[in-house]
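Coordinate analysis (summary)
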Amino acid sequence: MSNNHTSGAASFGAALRRLIDQLDGALEAAYVADGLDFRPRYTPILRAILAHGPLTLRGLADQLGVSHSAVSQTIAQMAARQLVTVTKGRDARERIVDLSDATLALMPRLECHWATARAATEALDTAVGGMLVDAVARANAALAERPFKHWLDDQRQ
C-alpha cells in the first residue's frame, strides 16, 4: 500500500477524516476570502432552521442525526458570532435556536458558496467515477438501519 493514499478497513476512518478535513478546509478558506466568519459545520444547522423554523437543541440534534452535545457546542460558537439567537423554551432547560438578523442578511452570500460547493462536489464525484456521494449515502442508510455497534459486535463473536 502506498503512502499517497489509503485503502482497506484499517485506514477507512482516517481516509474519511482526511476527506472531510480537505473539503471543510477549502470551504472555510473560501468563507474567509469572502470576509465571512463562518464555518462549514454551521451549514447543517442553518439549513435545518431554514427548513423547519426555530428548533430546540434536541430538535436540531434529531434533525441532523448528531449528539445533543455536538449541537450544543456548535450553537455556542454560532451564538458567540451572533449567527443565531438562543432563547429559553417552555422550561428552564430547553433552549430555542433561531437565525439572527445578521445571518439572514448573509444568506445570499452563503447560498452562493453553497451552490459552488454543490457543483464542486458533483465534479469531484464525477472525477471518482460517480461513486463517492452514492457510497456515502448508502453507508449512512445502512447505518440508520443497523448501527455500527452491531457490526462491531458481529466481529467480536
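Look up a bit, the structure's there.
Residues numbered from 1 in each chain as written. Predicted model: local features only at pLDDT ≥ 70, side-chain atom pairs only at ≥ 80, totals over all residues. Heavy atoms only, no water.

1. With respect to a nonpolar patch on the surface
Keep this limit in mind: Each patch groups residues whose relative accessible area exceeds 30% and which form no salt bridge, using 9 Å between like charges and 5 Å between nonpolar side chains of Val, Leu, Ile, Met, Phe, Trp and Tyr. Only the protein chains shown count as cover for residues, and the accessible areas themselves come from Shrake-Rupley with a 1.4 Å probe. Salt bridges are defined by distance alone: a side-chain nitrogen of Lys or Arg within 4 Å of a carboxyl oxygen of Asp or Glu. Starting at the N terminus, helices and strands are each numbered in turn, a helix being any DSSP run of H or I of at least four residues and a strand any DSSP run of E of at least two. For the exposure calls, accessible area comes from a 1.4 Å probe over protein chains only, and a residue counts as buried if that area is under 20% of its type's maximum, exposed if over 50%, partly exposed in between.
On the surface, Ile20, Leu23, Leu124 and Val128 cluster together to form a nonpolar patch covering roughly 290 Å² of accessible area. Examined against the element boundaries, Leu23 turns out to sit in helix α1 (residues 12-33). Among the residues examined, Leu23 registers a relative accessible area of 35% and is labelled partly exposed.

2. So, the pairing of strand β2 (residues 84-88)
This is how the line gets drawn: Note on pairing: DSSP must find at least two bridges between two strands before they are called paired.
Pairing of β2 with strand β3 (residues 95-99), which is carried by 5 bridges, proceeds in the antiparallel orientation. Looking at β3, one finds that Val86 is bridged to Val97. Connecting the antiparallel pair β2 and β3 is a turn made up of 6 residues.

3. Comments concerning the packing of helix α2 (residues 43-52) against helix α3 (residues 57-64)
In a pair of packed helices, the angle between the axes and the distance between the axes together describe the arrangement. Filter applied, for reference: For every element, the axis is a line fit to its C-alpha atoms; helices are fit only across the contacting stretch, and the angle between N-to-C directions ranges from 0 to 180 degrees. Note on angle classes: values under 35 degrees are labelled roughly parallel, values over 145 roughly antiparallel, values of 65 to 115 roughly perpendicular, and the remainder oblique. Should any heavy atoms of two residues lie within 4.5 Å, those residues are considered in contact. Classes in brief: Ala, Val, Leu, Ile, Met, Phe, Trp, Tyr, Cys and Pro nonpolar; Asp, Glu, Lys and Arg charged; the others, Gly included, polar.
The N-to-C vectors of α2 and α3 enclose an angle of 105°; their axes lie 10 Å apart at closest approach. The angle between α2 and α3 places the two elements in the roughly perpendicular class. Facing Pro44, Ile45, Ala48, Ile49 and His52 of α2, the residues of α3 in contact are Leu60, Gln63 and Leu64. Taken together, the residues of the contact of α2 with α3 break down into 6 nonpolar, 2 polar and no charged.

4. Details of the nonpolar core
Under the convention used in this document: Each nonpolar core is a collection of buried residues, namely Ala, Val, Leu, Ile, Met, Phe, Trp, Tyr and Cys, held together in the definition by side-chain atoms within 4.5 Å.
Residues Phe38, Leu46, Leu60, Ile75, Met78 and Leu110 are the most contacted members of the largest nonpolar core, which totals 23 residues. Where this core is concerned, the elements lending two or more residues are α2, α3, α4 (68-80), β3 and α5 (101-127). In contact with Phe38, not counting residues within four places along its chain, are Glu28, Tyr31, Thr43, Leu46, Leu83, Leu110 and Trp114.

5. Points about the packing of aromatic side chains
What counts is decided by this rule: Any two rings among Phe, Tyr and Trp, with Trp reduced to its six-membered ring, count as a pair given centres within 6.5 Å; such a pair is stacked if its planes are under 30 degrees apart, edge-to-face if over 60, and tilted if neither. Here, a charge over a ring means that NZ of Lys or CZ of Arg falls within 6 Å of the ring centre while also lying within 35 degrees of the ring normal.
Summed over the entire model, instances satisfying the criterion amount to 2 aromatic pairs. Plain terms: the ring middles of Tyr31 and Phe38 are 5.0 Å apart, the flat faces sit at 80° to each other, and that makes the pair edge-to-face. As far as burial versus exposure is concerned, Tyr31 and Phe38 are alike and both buried. Pairing Phe38 with Tyr42 gives two aromatic rings, centres 5.4 Å apart and planes at 90°, and the pair type is edge-to-face. Phe38 sits in the buried class, given a relative accessible area of 1%. By relative accessible area, which is 0% here, Tyr42 ends up buried. By way of ring pairs, the aromatic residues Tyr31, Phe38 and Tyr42 are connected into one cluster. One cation-aromatic arrangement involves Arg146 over Trp151; the distance from NZ or CZ to the ring centre is 4.9 Å.

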